[in-house]
Amino acid sequence: VEFTKIEHHANNEGGFYIWRIIWTAAVLLFGMVLFLLMPAFARDSALAAEHYGASFGLGVLVLFGVPVAALIACVTVVGLLVGLSTFTLWLTCLYCAQIVVGAIVGQWLMGRTSETWQLIGRMAVGVILLRLLGMIPHLGGWVRFAIVLWGMGAIALALYRRFSPADRVLTAPAPPMTPPLPPNTTIGSPQPAI
């Protein structure tokens, strides 16, 4: 007697793409809310993303350094709240990274803008394109990793520029212009009679 068990496999590919669409819509909605709540910071982050080297370098530092620093802060009871809030902020920035990179990619494709709604539209185009690139087999993981590095660095760079002291040198105002002294005159001595 020979027994053959028939296995029924469900085709889950349709569900995979439906969930990709749902998560992409969630990212777009989250990005739109962020761009409407903080339009100046959104522009600053997109502008900081144009500095590729600084963004990627700072992204490596922030991506790996902040969780370690949050863990070290959590060791003490006093730093527990600081460590947990830092880690939560790090997770939020991890999610926001694709929004910032999507905004810069959208600006590459459609041109720069300073209007909030136009920036949201460019962000939507960029995020959709990046999500499609992230679905490429064997390459998608590297694309997503690069997006996270780039976006985290751009957010950190924008925060640094926003909270760093101004680069301007504060100088005292110039004294009023005085007429030149006659020759052979010392300051504080009586004027020679002519």
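Up top you'll find the structure we're talking about.
A brief report on the enclosed structure follows. Just so you know, these numbers come straight off a predicted model, no measurement behind them. (Residues numbered from 1 in each chain as written. Predicted model: local features only at pLDDT ≥ 70, side-chain atom pairs only at ≥ 80, totals over all residues. Heavy atoms only, no water.)

### Some thoughts on the overall build of the chain
Heads up, the condition is: By definition, any uninterrupted DSSP run of H or I lasting at least four residues is a helix, any uninterrupted run of E lasting at least two residues is a strand, and each is numbered from the N terminus. Three exposure classes are used, based on accessible area relative to the maximum for each residue type with a 1.4 Å probe and protein chains only: buried under 20%, partly exposed in between, and exposed over 50%. In what follows, residue pairs with any heavy atoms lying within 4.5 Å of each other are defined as contacts. Here the accessible surface of atoms and residues is derived via Shrake-Rupley with a 1.4 Å probe, and residues count as covered only by protein chains that are part of the display.
In terms of helices and strands, the chain carries 6 helices and 0 strands. N-terminal to C-terminal, the α/β element order of the chain is α-α-α-α-α-α. When burial is assessed residue by residue, the chain has 30% of its 194 residues classed as buried. Long-range pairs, those at least 24 residues apart, make up 76% of the contacts in the chain between residues at least 6 apart in sequence. Here the chain has roughly 13700 Å² of accessible surface; of this, 72% comes from carbon and sulfur atoms.

### Let's talk about the packing of helix 3 (residues 52-75) against helix 4 (residues 80-110)
Note the threshold: The axes are straight lines fitted to the C-alpha atoms, using for helices just the contacting stretch, and the angles between their N-to-C directions are given from 0 to 180°. Any angle from 65 to 115 degrees is called roughly perpendicular, while one under 35 is roughly parallel, one over 145 is roughly antiparallel, and all others are oblique. In this scheme the handedness of a crossing depends on how the near helix is turned from the far one: anticlockwise by less than a right angle means left-handed, clockwise means right-handed. Ten residue types, Ala, Val, Leu, Ile, Met, Phe, Trp, Tyr, Cys and Pro, are classed as nonpolar, four, Asp, Glu, Lys and Arg, as charged, and the remainder, Gly among them, as polar.
Helix 4 packs onto helix 3 with a crossing angle of 160° between their chain directions and a minimal axis gap of 8 Å. Relative to helix 4, the element helix 3 lies roughly antiparallel. For helix 3 against helix 4, the interelement crossing comes out left-handed. On helix 4, the residues that touch Y52, V62, L63, V66, P67, A70, A73 and C74 of helix 3 are L80, G83, L84, T86, F87, W90, L94 and W108. In terms of residue class, the contact of helix 3 with helix 4 is built from 14 nonpolar, 2 polar and no charged.

### A few points about the layout of surface pockets
Applicable threshold: Using a grid of 1 Å spacing that covers the protein atoms alone, one calls a set of points a cavity when a 1.4 Å probe fits there but cannot get out, and a pocket when the set is open and has protein on both sides within 12 Å along at least five of seven lines; lining residues are those with an atom within 4 Å of a point. Grid points are joined across faces, edges and corners, and a volume is the space filled by probe spheres set on the points.
There is about 340 Å³ of room inside the largest pocket. Breaking the lining of the largest pocket down by element, the ones donating at least two residues are helix 1 (13-37), helix 2 (39-48), helix 4 and helix 6 (140-163). Residues belonging to the lining of the largest pocket are distributed by class as follows: 14 nonpolar, 2 polar and 1 charged.

### Section: the side chain of T24
Structurally, the position occupied by T24 is in helix 1. For T24, the residues in contact, after removing those within four places along its chain, are I128 and R131.

### Quick notes on the environment of R122
Note the threshold: Within 3.5 Å is the distance limit for a polar contact, defined as a pair of N or O atoms, with the added protein rule that one can donate a hydrogen and the other accept it, and that residues adjacent in sequence qualify only through two side-chain atoms.
Counting through the fold element by element, R122 comes out in helix 5 (residues 116-133). Beyond its immediate stretch of four places on either side in the chain, R122 contacts G102, G106, Q107, M110, G111, R112 and T113. At 2.6 Å, the side chain of R122 and the backbone oxygen of G111 are in polar contact.

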